[in-house]
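Structural characterization, general
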Amino acid sequence: MPLELVVAASLLAAASGLPALALPRRSPWAQRASVLLIVLASAAGLAGAFAGLFSVPSDALILPWPAIGDSFIGLDSLSSFFLVPVFLVGGLGAVYGLGYSPAAGNPRTGRRLAVFYGLLVAGMALLLLARGAFAFLLGWETMALSGFFLIGLEDQKNESRSSSFVYLVAAHLSTLVLFGMFLLWRAATGSFDLERSGAAAMSLGVAGGIFLLALLGFGLKAGIMPLHFWLPGAHAAAPSHVSALLSGVVLKMGVYGILRMLSLLPGIPAAWGALVLVLGATSALFVFALAQHDLKKLLAYHSVENIGIILMGLGIALLGRSAGMSELFVLGFAACLLHVWNHSLFKSLLFLGAGSVVRATGTRAIDRLGGLGKTMPWTAALFIVGAVAICGLPPLNGFVSELLVYLGLFGGLARDGAGLALAAMAAPVLAMVGALAVACFVKVVGAAFLGSARSREAEEATESPASMIVPIGALAALCALIGLAPRLLVPVLDSAIACWNGTGTGVPSLAGLAPLDQAGLAAMALVVMAGIAAFLFSRGIRARGEAKVSRGIRARGEAKAPLRPTWDCGYAAPTSRMQYTSSSFARGIVGMFSWFLRPSPEPRRIQGYFPEAETLHSEVDEAILDRVLRPALRLLERLSTWFHRFQQGLAQQYLLYMLLALIVLICTLVPAGGLLGLAKSAAGGAAGASP
Amino acid sequence: MLDALVHVLMLFLLPPLLFGVIGKVKAFFAGRKGPPLLQSYRDISKLLGKGSVFSGTTSWVFRAGPIVALVAVAVAGLLLPFGASSAPVSFAGDMILFAYLFALSRFFTTAAALDTGSAFEGMGAAREVAFACLSEPALFFVFLALSKLTRSLSLSDMLGASAGGLPAAAMAPLVLLCLGLFVIILAETCRIPVDDPATHLELTMIHEAMILDHSGPLLGLIEYSASMKLLVLESLLISLALPFRSGSAWLDRGLFAAETLVLAACIGVMESVMARLRMRRVPYLLTGALLLGGSGFILLVR
């Protein structure tokens with residue numbers, strides 16, 4: 001039954017573009033009908049996924065595939081676990097789209113958006129359900145191609161076009177690697193079915209090959225550190241609710257792929273765990289987010305760090321499994337899974353919040369914003385909730401998953417020997433990641449929502465409609481729920497872990513290993529105490545403020561305390577341009593990491609008594625795309641220019657080539673062997689005589 | 001129950017006295033008489049009774065900053081043992097909550113600073129978050145080493161161990177850890193050589209620059225939570241470096257209070273005999289703390 005629900009939901013989602021195609025472009029009803037279909041699909045899909053989390057895995061349905069035999073689809077706890085964010089964020093994002101890009105205002109892009117948004121959701125659902133390579137790749141390509149069309153939606157913009165092509169190249173590289181992986185799988189197991197039974201007798205070398213190809217192919221999609229190059233541009237260029245889906249959910253399909261393939265492979269050696277942990281730690285410590293000036297690019301870069309945290313959890317789990325420490329395995333795996341959910345919640349929240357800002361101000365440049373907390377109070381408050389959550393701070397959900405990662409890392413210390421103790425060195429790395437995240441999000445919150453407006457657009461911003469605020473609020477509520485009552489998720493995580501682990505060996509429940517009750521209680525205590533303190537002090541401030549202040553000022557000030565300009569060390573006329581910008585805020589840390597970030601250019605020294613006007617524009621290049629790939633490709637292009645000699649666009653020349661090729665081919669028919677026959681028989685005779 | 005009550009009372013009543021001690025010691029070195037020991041209590045209660053002035057640029061975040069900071073530090077204080085008495089709240093993994101509560105307080109104090117839209121406060125906030133990128137991993141190295149040493153995951157067990165007698169091989173790493181921790185305390189509580197709490201020259205400041213626009217009760221809260229943060233971090237070091245026990249519960253409590261005052265006096269001496277480092281030198285100091293913690297941990301692993 002759960003499987004049928006999810007299949008129905010994916011079909012509904014895939015069909016959700018039809019009303020938009022059938023009705024006029026500007027009709028709001030077309031958009032509403034599409035959104036209604038997606039919302040219905042989400043409801044059905046969520047119901048199916050939650051039911052699937054707790055029911056027996058079923059391989060009920062067969063996808064008939066005439067050419068190469070049938071392909072199975074099925075639903076187990078691991079699939080269900082990843083289906084939840086697909087349908088949750090998919091549904092909320094569609095509702096958000098009603099206000100963000102109304103059909104009446106976007107006649108050019110409305111249809112494409114509706115069609116490919118639905119296909120993106122359906123493609124992800126299909127790949128999660130797939131139990132065979134072909135169904136999986138079908139879902140994977142549907143997802144990748146819909147992503148391409150959604151990223152390039154605003155194709156009148158140069159930036160949008162170029163990043164969608166970079167995305168397309170990366171997506172197909174990833175698919176190519178996956179083809180290789182599935183072929184290797186087929187060669188090793190004799191079937192394209194993704195079943196554990198086939199892989200039992202696999203040699204370590206083949207398993208290692210499959211693992212590395214999976215890490216490469218799925219890592220390209222997940223955005224693991226050196227493979228993330230396509231990600232920031234693509235996620236920044238897409239419409240914000242699509243960015244939320246891409247960053248919050250599509251990246252997790254890469255994680256799912258890695259998890260699924262690992263679950264099939266037998267006997268995982270410790271080295272794989274160590275590799276995953278190191279990759280995770282380097283991705284997490286990828287400070288590029290901090291140096292960004294573009295609101296959505298910053299959020300996109302921050303996904304790389306969070307994927308790193310997810311991989312750290314997985315690395316601990318694999319290390320624990322190979323060391324025979326089941327509690328480490330459970331903690332690490334729970335951290336990995338929980339952070340998948342958490343990241344999909346708060347990253348979608350932040351992207352939707354950013355979209356609300358972009359819609360109101362028309363700019364993504366953080367240094368042109370400011371003071372939006374007053375004009376857009378709801379967006380600001382919800383964005384701050386998301387920021388606290390993504391920094392992993394109590395009392396919200398990010399803290400719970402990071403706590404599990406730390407517990408896993410510290411748990412390795414209980415064993416003698418240097419191996420797991422070295423792995424525990426990832427704990428200070430994670431602490432630094434946390435501190436950098438705080439810096440990064442204080443910068444965003446401070447520069448965009450606090451202080452005063454830095455530009456006219458920011459000054460004239462208005463709050464977004466309820467259709468945009470309600471989805472953001474729902475995500476914030478879920479962040480708070482997981483933070484305050486993490487215990488609720490224990491059965492969900494236990495079930496998914498058991499599913500991954502297979503039926504062979506039992507694993508302990510997460511409930512006995514992690515202090516989730518205490519963490520939840522501490523979070524609640526924090527909220528209650530902060531509430532009490534805020535209540536007491538707001539009363540205190542008001543009462544005393546009233547006594548001393550004249551009536552006129554009190555009527556103006558909302559807190560009944562006098563309002564004055566910010567004290568600027570005696571300077572009488574501070575302006576909003578004198579505020580600390582986000583670039584200056586980040587400069588200290590960017591300076592500390594300048595050996596790696598290499599910001600360009602350094603400001604020129606001002607010389608002379610009457611210096612000329614100076615401009616300064618600082619930028620941090622994308623590490624891989626701009627510094628490795630583009631130069632390498634340019635070099636390749638230069639090296640291959642000599643080939644242009646042969647390719648000059650003259651039809652006669654090409655005819656000549658054909659003629660030459662024909663002559664060469666005919667030459668092969670000449671019995672050249674006959675000419676050499678003498679020599680050959682002589683050589684043959686010599687060889688025959690020697691033994 | 002009594003233990004917990006005394007713990008809470010100490011946590012809430014003792015802190016301003018530490019500032020008084022530091023002030024007295026600094027006055028002694030400067031050849032002045034100095035403010036009375038209890039001056040901080042008077043300052044804070046006076047500020048709590050005053051009216052407030054707010055900048056028109058600020059929003060609710062500005063007001064939330066000091067409140068969240070106080071609550072976070074107070075909850076963190078409940079997770080630590082004070083001397084011989086164990087912590088009121090203790091569970092496996094509480095050191096992570098402890099560290100992240102400080103991060104929570106940093107998030108809101110720096111956001112509140114940015115809310116004023118003043119360049120000075122932005123500058124202070126930027127420095128605060130930058131230096132935390134080094135001091136926070138250093139703190140985690142200390143936790144890792146203690147966890148390795150005691151095979152436990154809760155602060156009460158980790159910090160109680162040094163009283164129970166540790167193997168001789170643990171002494172050298174412990175010295176390194178204590179040194180690292182002392183630097184972390186100086187950095188986190190904004191004392192010389194990292195920050196100078198005495199001047200109001202904004203360009204050189206971290207903490208003082210961030211609170212330029214706070215006034216009245218909120219300023220009082222900030223001063224109070226700064227002193228409480230000092231007490232909490234001091235008690236971390238005291239449990240490690242001065243694990244003296246007398247056997248009697250009340251004597252131990254008095255001993256702990258005395259030790260916090262002695263440590264405060266040490267900080268006062270440090271502040272009197274040293275100059276503040278140049279801002280660009282501070283990361284080197286913190287990297288030093290990071291390396292001390294890391295070396296301590298690696299010595300334990302071997």
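Quantities reported herein were computed from a predicted structural model and do not represent experimental measurements. (Residues numbered from 1 in each chain as written. Chains lettered and ligands numbered in written order. Predicted model: local features only at pLDDT ≥ 70, side-chain atom pairs only at ≥ 80, totals over all residues.)

What to know about the overall build of chain B
- Helix and strand counts for chain B come out as twelve helices and one strand.
- Counting from the amino terminus, helix and strand elements in chain B follow one another as α-α-α-β-α-α-α-α-α-α-α-α-α.
- On C-alpha atoms alone, chain B measures out to a radius of gyration of 19 Å, which is about the 19 Å that the 2.2 N^0.38 rule sets for 302 residues.
- Projected onto the principal axes, the alpha-carbon positions of chain B cover approximately 60 × 40 × 40 Å.
- Looking at chain B as a whole, 63% of its 302 residues qualify as buried. (Helix = DSSP H or I, 4+ residues; strand = E, 2+ residues; numbered from the N terminus. Rg over C-alpha atoms; globule rule 2.2 N^0.38 Å. Buried ≥ 20, exposed ≤ 12 C-beta atoms within 10 Å, placed from the backbone.)

A few points about the overall build of chain A
- What chain A contains, in helices and strands, is 28 helices and three strands.
- At 29 Å, chain A has a C-alpha radius of gyration in line with the 26 Å of a compact globule built from 691 residues.
- In terms of principal-axis extent, the alpha carbons of chain A reach across some 120 × 70 × 60 Å.
- Every one of the 691 residues in chain A was classed for burial, and the buried ones make up 53%.
- Partitioning the contacts of chain A with sequence separation of at least 6, the portion at a separation of at least 24 is 78%. (Contact = placed C-beta atoms within 7 Å.)

Notes on the interface of chain A and chain B
- Listed as interface residues are 68 residues of chain A and, on the opposing side, 61 residues of chain B.
- Elements with a contribution of two residues or more to the side of chain A that touches chain B: α14 (372-375), α16 (397-411), α17 (418-423), α18 (426-449), α22 (516-548), β3 (563-564) and α24 (582-592) of chain A.
- When residues in the side of chain A that touches chain B are grouped by element, the largest group, 16 residues, is from α22(A).
- Residue composition of the side of chain A that touches chain B, by class: 49 nonpolar, 14 polar and five charged.
- As judged from the two bridges shared by β3(A) and strand β1 (residues 54-55) of chain B, these two strands associate in the parallel manner. Among the inter-strand pairings, Arg564(A) is bridged to a residue of β1(B), identified as Ser55(B). (Nonpolar A, V, L, I, M, F, W, Y, C, P; charged D, E, K, R; others polar. Pairing = 2+ DSSP bridges.)

Some points on the packing of helix α10 (residues 216-241) of chain B against helix α11 (residues 249-273) of chain B
Residues and elements named next belong to chain B.
- For the pair α10 and α11, interaxial distance at closest approach is 10 Å and the crossing angle is 105°. The orientation of α10 with respect to α11, classified from their angle, is roughly perpendicular. From α10, Leu231, Glu234, Ser235, Leu237 and Ile238 reach across to α11, where they touch Phe256, Glu259, Thr260 and Leu263.
- For the contact of α10 with α11, a count of residues per class yields five nonpolar, two polar and two charged. (Axes fitted to C-alpha atoms, helices over the stretch in contact; angles between N-to-C directions. Parallel < 35°, antiparallel > 145°, perpendicular 65-115°, else oblique.)

Side note on helix α6 (residues 133-151) of chain A
- Across its 19 residues, α6(A) extends 26 Å between first and last C-alpha, which sits within 8% of the 27 Å expected from 1.5 Å per residue.
- When we look at burial in α6(A), the residues that qualify are Ala133(A), Ala135(A), Phe136(A), Gly139(A), Trp140(A), Thr142(A), Met143(A), Ala144(A), Ser146(A), Gly147(A), Leu150(A) and Ile151(A). (Expected span 1.5 Å × (residues − 1).)

Digging into the environment of Ala104(A)
- Relative to the assigned elements, Ala104(A) resides in the loop between α4 (77-100) and α5 (110-129).
- Ignoring any residue separated from it by four or fewer positions in sequence, one finds Ala104(A) in contact with Arg26(A) and Pro28(A).

Description of the environment of Gly124(B)
- Along the chain, the position of Gly124(B) falls in helix α6 (residues 119-150).
- Those residues in contact with Gly124(B) that lie beyond four places of it in its chain are Ala113(B), Met205(B), Ile206(B), His207(B), Ala209(B) and Met210(B).

Regarding the nonpolar core
- By size, the foremost hydrophobic cluster in this structure holds 356 residues, and its most contacted members are Met124(A), Ala125(A), Ala334(A), Ala439(A), Val445(A) and Cys479(A).
- When near neighbours in sequence (up to four residues on either side) are disregarded, Val445(A) contacts Phe383(A), Ile384(A), Ala387(A), Leu450(A) and Ala111(B). (Core = buried A, V, L, I, M, F, W, Y, C linked by C-beta atoms within 7 Å.)

Examining helix α12 (residues 282-301) of chain B
Residues and elements named next belong to chain B.
- Here α12 is 20 residues long and its end C-alpha atoms lie 29 Å apart, about the 28 Å a rise of 1.5 Å per residue gives.
- Taken together, the buried positions of α12 are occupied by Val282, Leu286, Ala289, Leu290, Leu292, Gly293, Gly294, Gly296, Phe297 and Leu300.
- Tucked inside the fold, the buried residues of α12 contact α6 and α8 (171-188).

Some points on unusual backbone geometry
- A cis geometry characterises the amide bond from Pro394(A) onward to Pro395(A), with omega recorded as 10°.
- Position of Pro395(A) relative to the elements: it lies in the loop between α15 (377-390) and α16.
- Here the amide bond leading from Ile192(B) into Pro193(B) is cis, since omega sits at 15°, within 30 degrees of zero.
- On the secondary structure map, Pro193(B) appears in the loop between α8 and α9 (207-210).
- The phi dihedral of Arg151(B) is positive, around 55°, even though this residue is not glycine.
- Locating Arg151(B) in the fold gives a position in the loop between α6 and α7 (155-160).
- Exposure remark for Arg151(B): the 12 C-beta atoms within 10 Å place this residue in the exposed category.

Describing the environment of Leu489(A)
All names here are of chain A.
- Inspection of the secondary structure puts Leu489 in the loop between α20 (466-484) and α21 (490-501).
- By C-beta crowding, Leu489 is classed as buried, having 21 other C-beta atoms within 10 Å.
- Between the C-alpha atom of Leu489 and that of Ala533, which follows or precedes it by 44 residues, the distance is 30 Å.
- Ignoring any residue separated from it by four or fewer positions in sequence, one finds Leu489 in contact with Leu338 and Ile482.

So, the packing of helix α5 (residues 94-115) of chain B against α6(B)
Residue and element names in this part refer to chain B.
- It is at 9 Å that the axes of α5 and α6 come closest, and there the two elements cross at 175°. As summarised for this structure, α5 and α6 are arranged roughly antiparallel, according to the angle between their axes. Listed contacts from α6 to Met95, Ala99, Arg106, Thr110, Ala113 and Leu114 of α5 are Glu121, Gly122, Gly124, Ala125, Glu128, Val129, Ala132, Glu136, Leu139, Phe140 and Phe143.
- Of the residues contributing to the contact of α5 with α6, the split by class is ten nonpolar, three polar and four charged.

Here we look at the confidence of the model for chain A
Residue and element names in this part refer to chain A.
- The share of residues in chain A with pLDDT of 70 or more is 92%, and the mean pLDDT across the chain is 88.
- Contacts from residues 547-559, a stretch scored under 50 in pLDDT, to residues over four places away or in other chains number 14 contacts.
- Counted against residues more than four places away or in other chains, residues 687-691, with its pLDDT under 50, gives zero contacts. (pLDDT = per-residue confidence, 0-100.)

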